[in-house]
Amino acid sequence: MNFFRNPPSALGLLSERDFRRYFVADAMFDLGAELRRVSMGWIALGLTGSPLWVGLITGIPGLTMALFAPLAGVAVDRYDRRNILIGVRLSFAAIAFAIGALVLLDAVSVWHLLAVSLVVGAIHSISLPALRAFITDLVGRRRLMSANALTGASSSAGELAGPLLAGFVIAAFGVGPVFLIASFVFGVCGLMLLRVARRPARSSSREPFLLQISQGIAYVYRTPPLPALLVVTLTQLPSAVIIPLIPVYAREPLGVGAAGYGVMSAALGVGFLAGSLVTVAVGDLPKKGLLLVLTALVWDVSTVGFGFSRLFPLSLGLLFAMGVAGSLHVITLLTLFQTITRDDMQGRVLSIYGVLASSFPLGFVLGGALAEAFGGEVAILLGTLGSTPPVAAAYLMSREMRRR
């Protein structure tokens, strides 16, 4: 009863027209992204039969994300962030339509998938800092944890629906129609953002791009606990080893096929949604530095359990636990970056975060390569060695991180 009399402050954001429109558009964007990701992974597995290629196709966007992120951060601090986000979504619509047409014409090859993945990474390099800086503009610093929790919930809803929809559409009609659905979703969510009010860029500086990039790096270096948070972000690379192995485990040893792969991916999405909803209900979370350590530990323990599981229900439960931990970890990490960073540095700092966050999809490549060489179980064990221990070390060595 108290919940309904005094709803969490996060829910109050949904009464604001602009945030509500952004909230819905963000959910649709993540739905489209999941449709594309799941479908490309399944095509790669069908064309090559290799977990290494699955890892490359789903993870290689991290390479171009890292290359273009510094320039993207300066652009986000200079130009209209809403227009940047609209352009990103319409670009993804065009890409999804093109690859869907190739699939339907039976003309797609693994090299097409690789090229598309590289382009997707380049576009994502500007999407991430623009999106997070735009949220700061939209709601202010005081409500960032609530806004991140709500957008995390909307994203998780898209990530939940995406694998389920993709799995069943692939099983019933093939993979081509999935890309056409993704193209439509991307286009609609881009048009929805046209109705959100413009938010001016925080910096009108016209200094050279390279100078502004160096200013952003210097700002991070002298502003604790940002260096420690970047170490935490980098551990996403080894923690991502598990992701390209999900379709591999769906086929063998679990033997549940495309529909089962969709359910497994959805279990991870349900966990992310649950973690986001917990944060929505709480409104804010204390001891954020310690929470980063605990959520990393839960992710790694669940990952190891998944690697050795041969029972489908148990695997689903472990994926759910990973999703809960992953959601809390990302929301907390992003909120710390956004609340600590000065307004005129948001784009550049978040682009540096994006460079290291791009290590998560690069971890797909690592996971595929390790699984190809040593098998899934060994790959997962090696991945966990580079995850929780560095997070714990960053926490212990940063007084400012322990204080947050």
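1. Quick look at the packing of aromatic side chains
Part 1 of the reasoning: Summed over the entire model, instances satisfying the criterion amount to nine aromatic pairs.
Part 2 of the reasoning: Their ring planes at 90° and their centres at 5.5 Å tell us that Trp53 and Trp111 sit as a pair that is edge-to-face. Of this pair, Trp53 sits in helix H4 (residues 51-59) while Trp111 sits in helix H7 (residues 110-139), and the two are 58 residues apart along the sequence.
Part 3 of the reasoning: Overall, Trp111 belongs to the exposed group, its relative accessible area being 59%.
Part 4 of the reasoning: These aromatic residues form a ring-pair network of at least three members: Phe29, Phe92 and Phe186.
Part 5 of the reasoning: If you follow Arg36 out to its NZ or CZ, it ends over the ring of Phe92, 4.9 Å from the centre.
Part 6 of the reasoning: The aromatic ring of Phe29 is capped on one face by Arg89, whose charged end is 4.2 Å from the ring centroid.

2. A look at the packing of H7 against helix H17 (residues 346-357)
Part 1 of the reasoning: Where H7 meets H17, the closest approach of the two axes is 8 Å, and the angle between their N-to-C directions is 135°. As the angle between them shows, H7 and H17 are arranged oblique. Where H7 crosses over H17, the handedness of that crossing is right-handed. Residues Leu128, Pro129, Arg132, Ala133 and Thr136 of H7 lie in contact with H17, whose contacting residues are Gln346, Gly347, Leu350, Ser351, Tyr353 and Gly354.
Part 2 of the reasoning: Here the contact of H7 with H17 is composed, by residue class, of five nonpolar, five polar and one charged.

3. Thoughts on unusual backbone geometry
Part 1 of the reasoning: In the segment running from Pro224 into Pro225, the intervening peptide bond is cis, with an omega of 5°.
Part 2 of the reasoning: The topology assignment puts Pro225 in the loop between helix H10 (209-221) and helix H11 (226-234).
Part 3 of the reasoning: The residue after Glu252, namely Pro253, is reached through a cis peptide bond having omega 20°.
Part 4 of the reasoning: Phi at Lys287 is positive, roughly 50°, even though this residue is not glycine.
Part 5 of the reasoning: Note that Lys287 resides in the loop between helix H14 (257-282) and helix H15 (288-308).

4. Examining the pattern of salt bridges
Pairs can form between side chains of opposite charge once their charged atoms are near each other.
Part 1 of the reasoning: For the structure shown, the criterion picks out eleven salt bridges.
Part 2 of the reasoning: Glu400 is the salt-bridge partner of Arg403, the closest N and O atoms lying 2.5 Å from each other. With a gap of three residues between them, Arg403 and Glu400 both fall in helix H21 (residues 399-403), about one helical turn apart.
Part 3 of the reasoning: The exposure class assigned to Arg403 is exposed, which follows from its relative accessible area of 57%.

5. With respect to the side chain of Ser127
Part 1 of the reasoning: Along the chain, Ser127 turns up in helix H7.
Part 2 of the reasoning: Each residue touching Ser127, except ones within four places of it in the same chain, is listed here: Phe29, Leu85 and Val88.

Definitions and limits used
- Per chain, the residues get numbers from 1 upward, laid out in the order the sequence is written.
- pLDDT decides what is reported in this predicted model: residues at 70 or higher carry local features, side-chain atom pairs at 80 or more are listed and counted, and totals for whole chains, interfaces and linings draw on all residues regardless.
- The side-chain values count all of the structure's non-hydrogen atoms but skip hydrogen atoms and water molecules.
- Note on aromatic pairs: the rings of Phe, Tyr and Trp (six-membered ring only in Trp) are paired at centre separations within 6.5 Å, and the planes decide the class, stacked below 30 degrees, edge-to-face beyond 60, tilted for the rest.
- In this description a helix means any DSSP run of H or I spanning at least four residues, a strand means any run of E spanning at least two, and both kinds are numbered starting from the N terminus.
- A simple rule labels every residue: compare its accessible area, found with a 1.4 Å probe on the protein chains alone, to the largest value its type can have, and call it buried under 20%, exposed over 50%, or partly exposed in between.
- Any Lys NZ or Arg CZ found within 6 Å of a ring centre and within 35 degrees of that ring's normal is scored as a charge over the ring.
- Here, axes are lines fitted to C-alpha atoms. For helices the fit covers the stretch in contact, and angles between N-to-C directions go from 0 to 180 degrees.
- We call two directions roughly parallel when the angle between them is under 35 degrees, roughly antiparallel when it is over 145, roughly perpendicular when it lies between 65 and 115, and oblique otherwise.
- Handedness of a crossing follows from how the near helix is turned relative to the far one, being left-handed for an anticlockwise turn of less than a right angle and right-handed for a clockwise one.
- Residues are treated as being in contact if the distance between any of their heavy atoms lies within 4.5 Å.
- The nonpolar class holds Ala, Val, Leu, Ile, Met, Phe, Trp, Tyr, Cys and Pro. Asp, Glu, Lys and Arg form the charged class, and all remaining residues, Gly among them, are polar.
- Each salt bridge in this description consists of a side-chain nitrogen of Lys or Arg and a carboxyl oxygen of Asp or Glu lying within 4 Å of one another.

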